[in-house]
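# Secondary and tertiary structure notes
For reference, the chains in residue letters:
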Amino acid sequence: MSAEIRSARSVFTATTRDLSEGGAGLNCDRVLEAGEEVTVGLFLVLDDVEADAPPLWVKARVAWARPLDGAGQRYAAGVRFEAMNDAQLAWLRQVLREIRGAGEPSIPISI
């Protein structure tokens, strides 16, 4: 999934990995700090094209962060989602089912 990260310092894009109901791993070109509060927008991407489904916006806290390369141009971070409501959790669960191979996404996903 594609992600937009909003922190107190900047707004930038990232890609997700290890997505779960509790949080996500992120790969990005900006440094995040452990303990930092961010807002994460998750965008469903199908065949390299952003789907028409509305994104999921959720508050998160950076659990860990580290450089991905020696040049300091790519970074990895793990974020823990905080205070998701029932609609947000349902959106995420539906997307996780689709990612795990349940077939074609049932778009639109509404929250």
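Everything in this summary refers to the structure shown in the same document.

Reading the values: rules and limits
Residues numbered from 1 in each chain as written. Predicted model: local features only at pLDDT ≥ 70, side-chain atom pairs only at ≥ 80, totals over all residues. Heavy atoms only, no water. Buried < 20%, exposed > 50% of the residue type's maximum accessible area, 1.4 Å probe, protein only. Helix = DSSP H or I, 4+ residues; strand = E, 2+ residues; numbered from the N terminus. Pairing = 2+ DSSP bridges. Phe/Tyr/Trp six-rings, centres within 6.5 Å; stacked < 30°, edge-to-face > 60°. Lys NZ or Arg CZ within 6 Å of the ring centre and 35° of its normal. Axes fitted to C-alpha atoms, helices over the stretch in contact; angles between N-to-C directions. Polar contact = N/O pair within 3.5 Å; in protein donor to acceptor, adjacent residues only side chain to side chain. Contact = heavy atoms within 4.5 Å.

## With respect to the pairing of strand β1 (residues 2–6)
Side-chain alternation along β1 places Ala3 and Ile5 on a buried face and Ser2, Glu4 and Arg6 on a face that remains uncovered. In this structure, β1 lies alongside strand β2 (residues 11–17), joined through five bridges in antiparallel fashion. Across the sheet, the residue bridging to Ala3 is Ala14, located in β2. In textbook terms, the turn of a hairpin is the stretch between consecutive antiparallel strands, and for β1 and β2 this stretch comprises four residues. Relative to strand β4 (residues 37–43), β1 runs antiparallel, the two sharing five bridges.

## A look at the packing of aromatic side chains
In the structure shown here, the tally under the stated rule is one aromatic pair. Their ring planes at 85° and their centres at 5.9 Å tell us that Phe43 and Trp57 sit as a pair that is edge-to-face. Here the residue Phe43 occupies a position in strand β4, and Trp57 occupies one in strand β7 (residues 56–67), the gap between them amounting to 14 residues. Its relative accessible area of 14% is what places Phe43 among the buried residues. When its relative accessible area of 27% is taken as the criterion, Trp57 is described as partly exposed. Over the face of the ring belonging to Trp57 we find Arg6, whose NZ or CZ atom lies 4.1 Å from the ring centre.

## Digging into the sheet that holds strand β8 (residues 75–81)
The six strands lie next to each other as β1-β2-β3-β8-β7-β4, forming a closed barrel whose pairing is antiparallel. Taken pair by pair, the neighbouring strands of this sheet meet at an average axis angle of 45°, ignoring direction. Summarising the sheet, strand β3 (residues 23–28) and β8 pair through six bridges and their orientation is antiparallel. Pairing of Gly25 across the sheet is with Gly78, part of β8.

## Looking at the side chain of Glu36
Here Glu36 shows up in the loop between β3 and β4. Side chain to side chain, Glu36 and Arg9 meet in a polar contact 2.8 Å long. A distance of 2.9 Å separates a polar atom in the side chain of Glu36 from the backbone nitrogen of Glu33. The residues contacting Glu36, other than those within four sequence positions of it, are Ser7, Arg9, Ala60, Arg61 and Val62.

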